[in-house]
Amino acid sequence: MKENSIYDKKSLRTVWGKKADFNELAKDCVAFSNAEGGYIDIGIEDDQDMPPEGQKIPEGLATEIVNKISGKTQGVTLSAQVFEAENGGEFIKLQILRSTNAPSATQSGKFYLRIGDQSKPITPEDISRLAEDKGCISWEDTVTRYSWQDADPEKLEAFIKLLKTSDRVTPFVKQKDTKEILDFYYLTDPDSDKMTNLGVLFIGKQTQRGRIQNAPIIQCIKYDQDGEKVNKWLWDDYTMNPYEMINDIWERVPEWKESSEISEGMFRRNILAYPEKVVRELLSNSLVHRPYTVRGDIFINIHPDHIDVVNPGRLPLGVTVENILHTTKKRNDHMAAVFYALHLMEREGSGYDMMYETLLANGKPIPVVTEGDDSVSVRIDRRIINEEVIKVMQHADQNYDIKQKQLICLGLIALHESLTASELIKILNLKDADELRSWLRLLIDKELVIGTDVHSKAKEYRVNPDILRRSDYKGKTSLKRIEDYRIKELIKEDMRIYKKASATEIQKRIGEEIPSKKIWKQLQVLVEDGYIRKLGSNRWIKYELVE
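Everything numeric here is computed off the predicted structure, so don't read it as measured data.

K.L.:
Tell me about the side chain of aspartate 8, and name the residues and values.
P.N.:
Among the secondary structure elements, aspartate 8 is positioned in strand β1 (residues 7–10). Here aspartate 8 falls in the buried class, since its relative accessible area comes to 6%. Dropping the residues within four chain positions of it, aspartate 8 is found in contact with Glu3, Asp28, Phe32, Tyr39, Ile40, Asp41 and Arg114.

K.L.:
Can you tell me about the packing of helix α19 (residues 503–510) against helix α20 (residues 516–528), naming the residues and giving the values?
P.N.:
Running from N to C, α19 and α20 cross one another at 115°; their axes reach a closest spacing of 10 Å. Classified by the angle their axes make, α19 and α20 are roughly perpendicular. Relative to α20, the crossing made by α19 is right-handed. Taken together, the residues of α20 that come into contact with α19 (itself represented by Ala503, Ile506, Gln507 and Ile510) are Ser516, Ile519 and Leu523. Grouping the amino acids of the contact of α19 with α20 by side-chain chemistry returns 5 nonpolar, 2 polar and no charged.

K.L.:
Describe the sheet that holds strand β20 (residues 449–451), with residues and values.
P.N.:
The strands making up a sheet are joined through hydrogen bonds of the backbone, oriented either antiparallel or parallel. The strand order across the open sheet formed by 3 strands is β19-β21-β20, and the pairing between neighbours is antiparallel. Every interior strand has two partners, whereas the edge strands, β19 (419–420) and β20, have only one. In the sheet, β20 pairs with strand β21 (residues 460–463) via 3 bridges, with the strands oriented antiparallel. Residue pairing across strands places valine 449 opposite valine 463, the latter belonging to β21. On top of the sheet, helix α14 (residues 404–416) reaches β19, β20 and β21; it is set at about 90° to β21, its chief contact.

K.L.:
Residues and numbers for the sheet that holds strand β2 (residues 38–42), please.
P.N.:
Taken in spatial order, the 4 strands of this open sheet run β1-β2-β5-β4, and their pairing is mixed. If you trace the sheet from one side to the other, it starts and ends with β1 and β4 (78–84), each paired once. Averaged over neighbouring strand pairs, the angle between their axes works out to 20° when direction is ignored. Looking at chain direction, β2 and strand β5 (residues 90–96) are connected through 5 bridges and run antiparallel.

K.L.:
Lay out the pattern of salt bridges in plain terms, naming residues and giving numbers.
P.N.:
Counted under the stated rule, the structure contains 27 salt bridges. Its salt-bridge partner being lysine 93, residue aspartate 41 comes within 2.8 Å of it at the nearest N-O pair. Of this pair, aspartate 41 sits in strand β2 while lysine 93 sits in strand β5, and the two are 52 residues apart along the sequence. Overall, aspartate 41 belongs to the buried group, its relative accessible area being 5%. You can call lysine 93 partly exposed: its relative accessible area is 24%.

K.L.:
Any details on the packing of aromatic side chains? Residues and values, ideally.
P.N.:
Ring pairs (aromatic) are described by centroid distance and by the angle formed between their planes. What the rule picks out here adds up to 7 aromatic pairs. Plain terms: the ring middles of phenylalanine 202 and phenylalanine 339 are 5.9 Å apart, the flat faces sit at 85° to each other, and that makes the pair edge-to-face. A residue pair is termed long-range when its members are at least 10 positions apart, and phenylalanine 202 in helix α7 (residues 197–203) and phenylalanine 339 in helix α11 (residues 333–341) qualify at 137 residues. Consider the rings of tryptophan 256 and tyrosine 274, whose centres lie 6.0 Å apart with planes at 90°: the pair is edge-to-face. Separated by 18 residues along the polypeptide, tryptophan 256 in the loop between α9 (242–252) and β13 (259–264) and tyrosine 274 in the loop between β14 (267–272) and α10 (276–289) bring together distant segments of the chain. Three or more aromatic residues link up through ring pairs in this structure, and these residues are Phe159, Phe202 and Phe339. Here the basic side chain of arginine 290 rests over the ring of tyrosine 292, its NZ or CZ set 4.6 Å away from the ring centre. If you follow arginine 509 out to its NZ or CZ, it ends over the ring of tyrosine 498, 3.8 Å from the centre.

Procedures and definitions
- Residues numbered from 1 in each chain as written.
- Predicted model: local features only at pLDDT ≥ 70, side-chain atom pairs only at ≥ 80, totals over all residues.
- Heavy atoms only, no water.
- Helix = DSSP H or I, 4+ residues; strand = E, 2+ residues; numbered from the N terminus.
- Buried < 20%, exposed > 50% of the residue type's maximum accessible area, 1.4 Å probe, protein only.
- Contact = heavy atoms within 4.5 Å.
- Axes fitted to C-alpha atoms, helices over the stretch in contact; angles between N-to-C directions.
- Parallel < 35°, antiparallel > 145°, perpendicular 65-115°, else oblique.
- Left-handed = near helix turned anticlockwise from the far one by under 90°.
- Nonpolar A, V, L, I, M, F, W, Y, C, P; charged D, E, K, R; others polar.
- Pairing = 2+ DSSP bridges.
- Salt bridge = Lys/Arg side-chain N within 4 Å of Asp/Glu carboxyl O.
- Phe/Tyr/Trp six-rings, centres within 6.5 Å; stacked < 30°, edge-to-face > 60°.
- Lys NZ or Arg CZ within 6 Å of the ring centre and 35° of its normal.

If you want it as structure tokens, here you go:
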């Protein structure tokens with residue numbers, strides 16, 4: 001098993017013998033505790049899947065490990081047990097539970113977090129973020145001085161009605177009375193009649209909502225080509241709850257209704273500049289995943305060719321702009337449950353998948369996430385990069401039984417015309433080719449995608465030409481998909497004419513669309529074949545025809 005965010009393995013030397021390093025093990029235990037918990041197999045080398053044959057664990061070592069780690073850490077809960085592998089070798093499985101009430105630390109006061117397959121130190125300025133993520137500072141559960149009987153009666157009635165008519169709410173919840181439903185969704189304190197901050201946000205009166213700490217304010221600003229403000233919409237008077245705000249933003253801003261017309265055979269089809277599902281998901285994410293312990297408004301900046309949704313605060317610890325498609329971290333999880341029940345957002349961890357699929361299905365680029373010092377922004381492009389991708393994804397969705405991740409992978413390949421394995425791994429932020437296989441295998445098995453014969457990360461994938469024909473693909477013929485042997489012949493013909501040239505000069509003549517890596521690769525093949533020779537080095541390399 002490969003090391004990841006919930007699993008690690010270590011040599012027996014880590015805890016036994018002269019080179020035992022319990023401090024290093026304590027650091028890893030703290031990192032797992034501050035993340036999602038996990039397991040450490042002690043007695044298995046990094047490059048192995050099982051312990052050495054015949055390996056025996058010294059008696060009492062498992063108990064000693066628990067005692068020493070407990071003494072070297074604060075807030076870490078763990079257990080250890082000895083197991084025997086199939087080859088007869090013994091190893092210790094250390095289980096570390098996720099800390100729920102407070103951040104864990106080493107005895108020296110250092111904090112770590114498990115991110116991917118590494119234990120990363122947490123900087124002092126991130127301690128408050130960790131504390132918030134752990135629920136030590138829970139804004140949504142903070143009990144206010146307002147009774148739910150003093151809530152806005154119209155908002156309360158509408159909220160209960162939405163829940164009772166939602167197909168995402170179980171019959172068990174729907175049969176409860178009003179107070180029990182409010183308790184179930186943490187809008188009220190179960191031991192009193194008082195509303196929480198979350199309750200005031202959804203069912204409180206305007207004056208109550210305006211008095212709670214950091215109640216959300218949204219600004220939507222439109223800019224022209226020169227970056228000048230030309231229009232502005234504000235939601236800053238606390239009259240609306242989150243459900244009403246999202247609906248009002250969609251209805252009031254006319255730019256959401258703008259569209260582009262594309263041809264579909266004899267018919268025309270309108271593609272919204274910004275798909276409604278994507279806009280609503282972005283707004284919901286902004287409200288649910290922002291830290292309410294920091295001040296700041298949510299901004300929707302509308303530019304001529306894209307929008308930016310800017311949220312105060314940074315991403316939860318452990319989530320990066322690279323792993324956001326795969327990593328789920330809870331923040332304001334009670335609010336997230338309400339948003340899901342009201343059909344305001346997808347299940348936790350599936351929102352970005354939906355946005356990727358929706359945008360690619362509309363021939364648009366995937367979202368671009370940027371994290372600043374005190375904010376996170378998501379960019380969505382207005383333009384349709386490739387209308388023909390829409391036909392390919394629609395044909396695949398209607399005629400093949402494939403899942404969302406395969407549709408996303410197919411859309412990326414179709415949008416870029418062709419992608420190497422390493423390029424796909426980078427775009428999807430996968431660890432290696434093994435993880436990529438689950439995204440690609442079904443596409444290859446169903447012959448939606450074909451690959452070159454190269455057995456490495458340089459292996460290239462493109463949409464099967466038969467699928468392009470069946471989906472009535474009318475895209476331009478591009479040299480980007482040209483096969484290697486054809487590139488080789490083009491280079492040979494170019495060298496016969498010009499005798500000496502750099503790789504850049506050759507690329508300009510035979511086709512600038514052809515990836516430079518492909519040209520470089522075939523130049524190396526021709527050098528090895530003795531057809532051309534290399535002159536110079538580094539940036540000054542030129543190739544000369546061997547007469």
